[in-house]
Every structure is written in structure tokens, then in C-alpha cells.
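The chain contents come next:
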Amino acid sequence: MEPPFRPGQFVWCQFPYMEDPVRPGPKERIAYIAEVGRIRGNVHLTVMALYTTTVPWEPDARLPLGVVPVDHGTAQAMNQKGFVLDARKVAFVPVTKAFFPRLESQEKGIVHMASSRFQNHVLNTLAKLAKRPDLVVGLGPDAPG
């Protein structure tokens, strides 16, 4: 089975909430696909998705490690207002309609493909966060540990 998503895509997802970390969240939001594959012998595909939020940051505030701004033009291309990707919140979720309600639509809920430069920035951020696991929250039914 060909995976419906590729790393670097922004997709509509029912990202799990911290209050109920293994179930789909109550509403759709845009998430960033960091990885797609099978983990720990799962028979289903699992997506490693990163959280996004429109919570504003002070213009001159230094963003914490793991928070990656999405430039205005990219946000506009997705018909969104400005937002940030928060790589400190990571969901490991199965590729199912419960987590990706638009999975069976023609576009599969894919909103945008990030540039290579942005993807490299996210990968570098994830590498730095790997050295600081205390900063990362893993959510979803396929989360390690």
C-alpha cells in the first residue's frame, strides 16, 4: 500500500489532545507530517505528525527550541493566518479516517508541501530536540514507550 502522505506535507488531522492522548482530537487542525512508516511491528501505517498553533508570539520574543515559525506567504498559500509548528508536541497516529477524516477525499486532506529548506529546518530542530527529550510530549496510540 502506497502511503497517502509524505514527509513535509501539511495535512488536516484530528491531532490528539493532551487530555486524551490516544484518541483523535475533537476538531481538525493542520499538522505537519514529519515521517510515515511502520513502527514496532505495526501492521498499519503510522504518521509522526507535529502540532501547529496560531497562538501569537511577541514579535521580538525569542522562540523556544522546537517552535518553528511558518512564514506568512506559506500560511496564506494554505488559506491560514500566521502560525507556528511546535515540534515539542508529536503525535504518532495510525493512518485512519478517525485521525485523518479527509483521507478518502481526492486530495486526502493535504493542504501544502513544504519547501526543502523548511523541511531541513524541521529535521534540524527535531535532531536538537532528540537531545532534550524532557521538552517533548509524545501523543497518539502509536507513541513510543
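Residues numbered from 1 in each chain as written. Predicted model: local features only at pLDDT ≥ 70, side-chain atom pairs only at ≥ 80, totals over all residues. Heavy atoms only, no water.

A word on the pattern of salt bridges. Scanning all chains against the criterion turns up five salt bridges. Between Glu104 and Lys97 there is a salt bridge whose closest N-O contact spans 4.0 Å. By relative accessible area, which is 66% here, Glu104 ends up exposed. (Salt bridge = Lys/Arg side-chain N within 4 Å of Asp/Glu carboxyl O. Buried < 20%, exposed > 50% of the residue type's maximum accessible area, 1.4 Å probe, protein only.)

In this section: the packing of aromatic side chains. Going through the model one piece at a time under the given rule, you end up with six aromatic pairs. Centroid distance Phe10 to Phe83: 6.0 Å. Interplanar angle 90°. Geometry classified as edge-to-face. Of this pair, Phe10 sits in strand E1 (residues 9-13) while Phe83 is found in strand E5 (residues 83-94), placing the two residues 73 residues apart along the sequence. Phe83 carries the same exposure label as Phe10, and that label is buried. Ring centres of Phe10 and Phe118 lie 5.9 Å apart, and the angle between their planes is 45°; this geometry places the pair in the tilted category. One end of the pair, Phe10, is in strand E1; the other, Phe118, is in helix H2 (residues 116-130), and 108 residues separate them in sequence. The buried category is assigned to Phe10, whose relative accessible area is 1%. Through a chain of ring-to-ring contacts, three or more aromatic side chains come together here, namely Phe10, Tyr32, Phe83 and Phe118. (Phe/Tyr/Trp six-rings, centres within 6.5 Å; stacked < 30°, edge-to-face > 60°. Helix = DSSP H or I, 4+ residues; strand = E, 2+ residues; numbered from the N terminus.)

Before going further, it helps to spend a moment on the environment of Gly109. Relative to the elements of secondary structure, Gly109 occurs in the loop between E5 and strand E6 (110-113). Spatially, the C-alpha atoms of Gly109 and Gln9 are 10.0 Å apart, while their sequence positions differ by 100 residues. Beyond its immediate chain neighbours, meaning those up to four positions away, Gly109 contacts Phe10, Val11, Trp12 and Arg102. (Contact = heavy atoms within 4.5 Å.)

The next thing to look at is the pairing of E1. Two faces belong to every sheet, and in a regular strand the side chains alternate between them. Here E1 lies mainly inside the structure; five of its five residues are buried. Sheet topology note: the E1/E6 ladder contains three bridges and is antiparallel. Following the sheet pairing, Phe10 is matched in E6 by His112. Looking at chain direction, E1 and strand E2 (residues 29-37) are connected through four bridges and run antiparallel. Note on E2: the bridge partner recorded for Phe10 is Tyr32. (Pairing = 2+ DSSP bridges.)

Once that is clear, we can look at the nonpolar core. Of all hydrophobic cores here, the largest spans 22 residues; its most connected members are Phe10, Tyr32, Leu50, Leu85 and Phe118. Listed by contribution, the elements that provide at least two residues to this core are E1, E2, strand E3 (46-53), strand E4 (67-70), E5 and H2. Top element by residues in this core is E5. It accounts for five residues. Once residues within four sequence positions are removed from consideration, Phe118 is found in contact with Phe10, Tyr32, Val68, Pro69, Val70 and Leu85. Counting 17 residues, the second largest nonpolar core, distinct from the first, contains Val11, Phe15, Ile33 and Val93. (Core = buried A, V, L, I, M, F, W, Y, C linked by side-chain atoms within 4.5 Å.)

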